[in-house]
Amino acid sequence: MAASAEGKKAAPAPPAVWKGFLQGSIGAAVGGSCAHPLDLIKVRMQLQTEVPKLNMLQMGGRIISTEGFFGLFKGVDASAARQLVYSGTRFGMYDMLKNFAGDERGRLSMPAKIVCAAGSGALGAFAGNPGDLAMVRMQADGKLPVEQRRGYKNIFDAVSKIAASEGVASMWKTGVVPNMNRAAIITVGQLAAYDQCKQILVDYGAKECIQTHFSASFMAAFIASVMSNPVDVAKTRLMNQNKSSATQYTGTLNAMTTMVKTEGPLSLYKGFAATFSRQLPYVVITWVTVEQLKKVMKDW
């Protein structure tokens, strides 16, 4: 009994919930801003319907030639604001759910990590949907005919115009379900897969260091890309459509099945190279930043 009591006393206390929110917000905002040009290219590639299709380099070149170098950073303010809300909620809720579900050493089984990550991802997506809607529309604006462009100046202008023209509730109606579906899937890849990959590496003798964080986040980025790309394409199509769009999608499954029928199964992996190229720096920078913040804030 005494040994058991001592063991319980020796177990480290779980970190304060607010730390997870703050670390996730800062880490994801840094990672998202660094990876934003690749995210913009990915969105434009997913919206391609013309033939021949442009590859990642060609799409990047077209954006620079038609919109200038800073065209690659359209919507970066919306991206950073979205990450502060979306990823802050994801990381904070994931830590909170892990603390609740973990054993006395704080370890969880892979299925438990998946459930915690999916739930926290869906909640984060709901909280961050207005910023995500603004970001997607700002990124896609340059691809629309001049007369159809929305011309948002920044995230505040975008959100206020969407609320005025479509209603405040539209910011949670437009694309929120596919966004929550995507976020649940991608958070399993980015958070649960990272946790599991890092645990495996440490169990096989790797030290808790930047090299281990980099390796685990590299693997997580690939897993997240494979899992999320089909839902991500559907989300982009849904969020970018308007009443004058030729094809009107009614939901995530409808968008995916319509694309398969009209454009073929591989259409669900449009922009995969850009997705992985974007996920890689985003996930690596985010997790390395978060892990460093955990060290700095350990005694706070």
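Analysis parameters
- Residues numbered from 1 in each chain as written.
- Predicted model: local features only at pLDDT ≥ 70, side-chain atom pairs only at ≥ 80, totals over all residues.
- Heavy atoms only, no water.
- Helix = DSSP H or I, 4+ residues; strand = E, 2+ residues; numbered from the N terminus.
- Rg over C-alpha atoms; globule rule 2.2 N^0.38 Å.
- Buried < 20%, exposed > 50% of the residue type's maximum accessible area, 1.4 Å probe, protein only.
- Contact = heavy atoms within 4.5 Å.
- Areas by Shrake-Rupley, 256 points an atom, 1.4 Å probe, with all protein chains shown as cover.
- Lys, Arg positive; Asp, Glu negative; His and termini not counted.
- Charge placed at Lys NZ, Arg CZ, Asp CG, Glu CD.
- Expected span 1.5 Å × (residues − 1).
- Bend = angle between axes of the 7 residues up to and from the residue.
- Patch = residues over 30% accessible without salt bridge, like charges linked within 9 Å, V, L, I, M, F, W, Y side chains within 5 Å.
- Salt bridge = Lys/Arg side-chain N within 4 Å of Asp/Glu carboxyl O.
- Axes fitted to C-alpha atoms, helices over the stretch in contact; angles between N-to-C directions.
- Left-handed = near helix turned anticlockwise from the far one by under 90°.
- Nonpolar A, V, L, I, M, F, W, Y, C, P; charged D, E, K, R; others polar.
- Phe/Tyr/Trp six-rings, centres within 6.5 Å; stacked < 30°, edge-to-face > 60°.
- Lys NZ or Arg CZ within 6 Å of the ring centre and 35° of its normal.

Asker: Teacher, can you tell me more about the overall build of the protein chain here?
Answerer: Along the backbone of the protein chain there are eleven helices and zero strands. Computed over C-alpha atoms, the radius of gyration of the protein chain comes to 20 Å, within 12% of the 19 Å expected from 2.2 N^0.38 for 300 residues, which places it in the range of a compact globule. Oriented by its inertia axes, the alpha-carbon framework of the protein chain measures out at about 75 × 40 × 35 Å. Per-residue burial over the protein chain gives 50% buried out of 300 residues. For the protein chain, long-range pairs separated by at least 24 residues make up 76% of all intrachain contacts whose partners lie at least 6 apart in sequence. For the protein chain, the accessible area works out to roughly 14200 Å², and carbon and sulfur atoms hold 68% of it. If you average the places of the 33 positive and of the 20 negative side-chain charges in the protein chain, the two averages end up 3 Å apart.

Asker: So what exactly am I meant to see when it comes to helix H8 (residues 176–203) here?
Answerer: For an α-helix, 3.6 residues make a turn, and residues three or four places apart therefore share a direction. An ideal rise of 1.5 Å per residue puts 40 Å on 28 residues; H8 measures up with 38 Å between its terminal C-alpha atoms. The largest bend in H8 amounts to roughly 35° and is located at Ala193. Most of H8 sits out of view: 20 of its 28 residues are buried. Positive phi appears at Gly205, one or two residues downstream of H8, with a value of about 105°.

Asker: What should I look at first to understand a nonpolar patch on the surface in this one?
Answerer: Together, Phe214, Phe218, Met219, Phe222, Ile223, Val226, Met227 and Tyr269 make up a nonpolar patch on the protein surface, roughly 660 Å² of accessible area in all. Here Phe218 lies in helix H9 (residues 210–240). We classify Phe218 as partly exposed; its relative accessible area is 38%.

Asker: How should I be thinking about the packing of H9 against helix H11 (residues 272–296) in this particular structure?
Answerer: In a packed pair of helices, the relevant descriptors are the angle between the two axes and the axis-to-axis distance. Where H9 meets H11, the closest approach of the two axes is 8 Å, and the angle between their N-to-C directions is 140°. At the point where H9 passes H11, the crossing takes the right-handed sense. Contacts from Ile210, His213, Phe214, Ser217, Phe218, Ala220, Ala221, Phe222, Ala224, Ser225, Val226 and Asn229 of H9 reach H11 at Phe272, Thr275, Phe276, Gln279, Leu280, Val283, Val284, Trp287, Val288, Glu291 and Gln292. Partitioned by chemical class, the residues of the contact of H9 with H11 number 15 nonpolar, seven polar and one charged.

Asker: It is not clear to me how the packing of aromatic side chains should be interpreted in this structure. Could you clarify?
Answerer: In this description, an aromatic ring pair is defined by two values, namely the gap between the centres and the angle between the planes. Considering all chains together, one arrives at eight aromatic pairs under this definition. Considering the side-chain rings of Phe218 and Phe276, the 6.1 Å spacing of their centres and the 90° angle between planes classify their relative orientation as edge-to-face. Taken as a pair, Phe218 in helix H9 and Phe276 in helix H11 lie far apart in primary sequence, 58 residues in all. Looking at Phe276, the relative accessible area reads 18%, which means it is buried. Clustering of aromatic rings is evident, with ring pairs tying together Phe69, Phe70 and Phe73. Sitting over the face of the ring of Tyr282, Arg278 holds its NZ or CZ atom 4.4 Å from the ring centroid.

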